[in-house]
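This is what each chain is made of:
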Amino acid sequence: MQYNIDSLPHNDQTCGWINNLPSRGSFPVLAGKHLADWVVIGGGYTGIAFARRMAEANPNHKIIILDAGAIGEGASSRNSGFAVATSSSGEAYNPAKLAEFKRINRINNAGIESLRQIVTAQQIDCQWRDVGKFHCGAPSTSAKAADDFIHWLEAAQIPHEDLSQAQLSKRLGTAYYRRGVWTKADVMLQPAALIRGLSDSLPENVTLHDYSAALSVEDKKGLIHIGTAKGEVIAKNMVLASNAFLHTMTPSPSYTVPLTMTASLTRPLTKEEQTLLGDVQDWGILSLHGMGATIRYTADHRILIRNTAAYNAVTPLRSSQMLAAQQTHLLCLRQRFPMLEELNFEHSWQGVLCISRNSSSLFGKLADNIYVSGCYNASGISRGSAMGLALADYALGDNNQLLSDALAYPAPTWMPPRPILDIAMKAEIMRRKYGTGPDA
Ligand SMILES: Cc1cc2nc3c(=O)[nH]c(=O)nc-3n(C[C@H](O)[C@H](O)[C@H](O)COP(=O)(O)OP(=O)(O)OC[C@H]3O[C@@H](n4cnc5c(N)ncnc54)[C@H](O)[C@@H]3O)c2cc1C
């Protein structure tokens, strides 16, 4: 078995969540030869959760995490900061799929609870806010989308509220949305602060390396040799937690696809601007419609907009594409908050998440000593944290509800190789009108 990794993440250095934190010390670049019980490729929510559980269960094991960039500064820092407890199925209620709906939401909740425990025990300052989340829509079709979602929530007995335009306007400070559903258990947070806190609080038998991309992977007589630019790890076991980059590892099967998202964050609103919104607390909105905008009013009074998605394989967006995305974010901001006419963005960035054709995750064993978990669409804070834990449980031979839920994922369905994949993905992005459809 031999993998040649042909594509690596790019850091645009412009992520507002990261740049609003104090500058961080760096983990050393891997140099020389190292032996390990476990090597984890990718230091995001999945890789960190796996390493924590495995290190706690085996204090004598040596665990090495390699990241191509700064640990945690990939999608784990660049997302919108929704720790999702309740995922929407996005379709009309179907009792045949209720068990699946409940299973996914059990995984999400297990992730949130594990994060809550660590954040509390380690006193991680990440603007953790138990404020739930809103699913809102402005077009006339939103009423049906809300009714469908509520049907699922009632069937699964998930606490929620059905909200009219007037109620939404009072709670959000914008009259833009006609209908909304609030789910109670979701958490809003500052993702870069969370992943930094998680990686800084790992047990001592975990060693982390920034800027140490796995460039080659070779199995030699049961030991895995991972080559980086300046060093090598020889490990008994390997975990692939590189998410959007999983498919760049050949012979990785063609089951997952990267999707590049962009987001912008404003400066904090002034006291006068806050008054214009009314008496509102911080909130997060997902669209009731698949292609709509994600918006947050953060605990520190900034507004975040994420409403574009592009398929660029793993090539970074060009500056002209970023400018176009920023214009779309600005339009979205002005439509919802015409009274905040002086407000502009301080930061805009891109990040890559991982999707599959059947919206399933990749979880399990690729070989006796090679494990993988990834591809959670846009719910990786809670789900990646849960799946990383479950993967460690799997490797440890444990048996629990979380692991059975993770193992119940159907495998992601096969997709054609590039360049056919590229053509199909670009057509799909146009069809779904990301950034231009209802609620964009
Ligand atoms: C703009 C945006 C908004 C999103 N919003 C949300 C949200 O609100 N809520 C939510 O839950 N999720 C959201 N997501 C998705 C979420 O960020 C991901 O699902 C989550 O980060 C997945 O975690 P992970 O650890 O599996 O992968 P990642 O966070 O992608 O981490 C993988 C790591 O692997 C590293 N890597 C890649 N190749 C190599 C290599 N060859 N060698 C070493 N390291 C490598 C990368 O540098 C990266 O750090 C969003 C994503 C984006 C981009």
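Heads up: the structure comes first, above all this text.
Residues numbered from 1 in each chain as written. Predicted model: local features only at pLDDT ≥ 70, side-chain atom pairs only at ≥ 80, totals over all residues. Heavy atoms only, no water.

Caption draft 1: View of empty space enclosed by the protein. Scanning the entire structure with this criterion turns up one cavity of 30 Å³ or more. Computed from the structure, the largest cavity encloses a volume of approximately 40 Å³. Broken down by element, the lining of the largest cavity gets its largest block of residues, three residues, from helix α7 (residues 191–200). Counted by class, the lining of the largest cavity contains five nonpolar, two polar and three charged residues. (1 Å grid on protein atoms, 1.4 Å probe; cavity = no way out; pocket = protein on both sides within 12 Å on 5 of 7 lines; lining within 4 Å. Points joined across faces, edges and corners; volume = space filled by probe spheres on them. Helix = DSSP H or I, 4+ residues; strand = E, 2+ residues; numbered from the N terminus. Nonpolar A, V, L, I, M, F, W, Y, C, P; charged D, E, K, R; others polar.)

Caption draft 2: Structural detail: the nonpolar core. Among the nonpolar cores identified, the biggest contains 57 residues, and Ile-65, Leu-194 and Leu-198 are the most heavily contacted of them. For this core, the leading source of residues is helix α10 (residues 380–396), giving seven residues. Ignoring sequence-local partners within four residues, the contact set of Leu-194 consists of Tyr-45, Leu-115, Val-119, Ile-124, Cys-126, Leu-189 and Ile-381. The next biggest cluster of nonpolar side chains, apart from the first, holds 24 residues, and it includes Trp-182, Val-280, Leu-333 and Phe-337. (Core = buried A, V, L, I, M, F, W, Y, C linked by side-chain atoms within 4.5 Å. Buried < 20%, exposed > 50% of the residue type's maximum accessible area, 1.4 Å probe, protein only. Contact = heavy atoms within 4.5 Å.)

Caption draft 3: Representation of the packing of aromatic side chains within the structure. Throughout the structure, instances matching the rule amount to 10 aromatic pairs. The interplanar angle of 85° and the centroid separation of 5.0 Å between the aromatic rings of Tyr-176 and Tyr-177 together place this pair among those described as edge-to-face. For Tyr-176, a relative accessible area of 23% corresponds to the partly exposed category. Since its relative accessible area comes to 2%, Tyr-177 is described here as buried. Clustering of aromatic rings is evident, with ring pairs tying together Trp-38, Phe-50, Phe-363, Tyr-371 and Tyr-394. Its end group placed over the ring of Trp-182, Arg-171 keeps NZ or CZ at 5.4 Å from the ring centre. Positioned above the aromatic ring of Tyr-176, the side-chain terminus of Arg-336 is 4.1 Å from the ring centre. (Phe/Tyr/Trp six-rings, centres within 6.5 Å; stacked < 30°, edge-to-face > 60°. Lys NZ or Arg CZ within 6 Å of the ring centre and 35° of its normal.)

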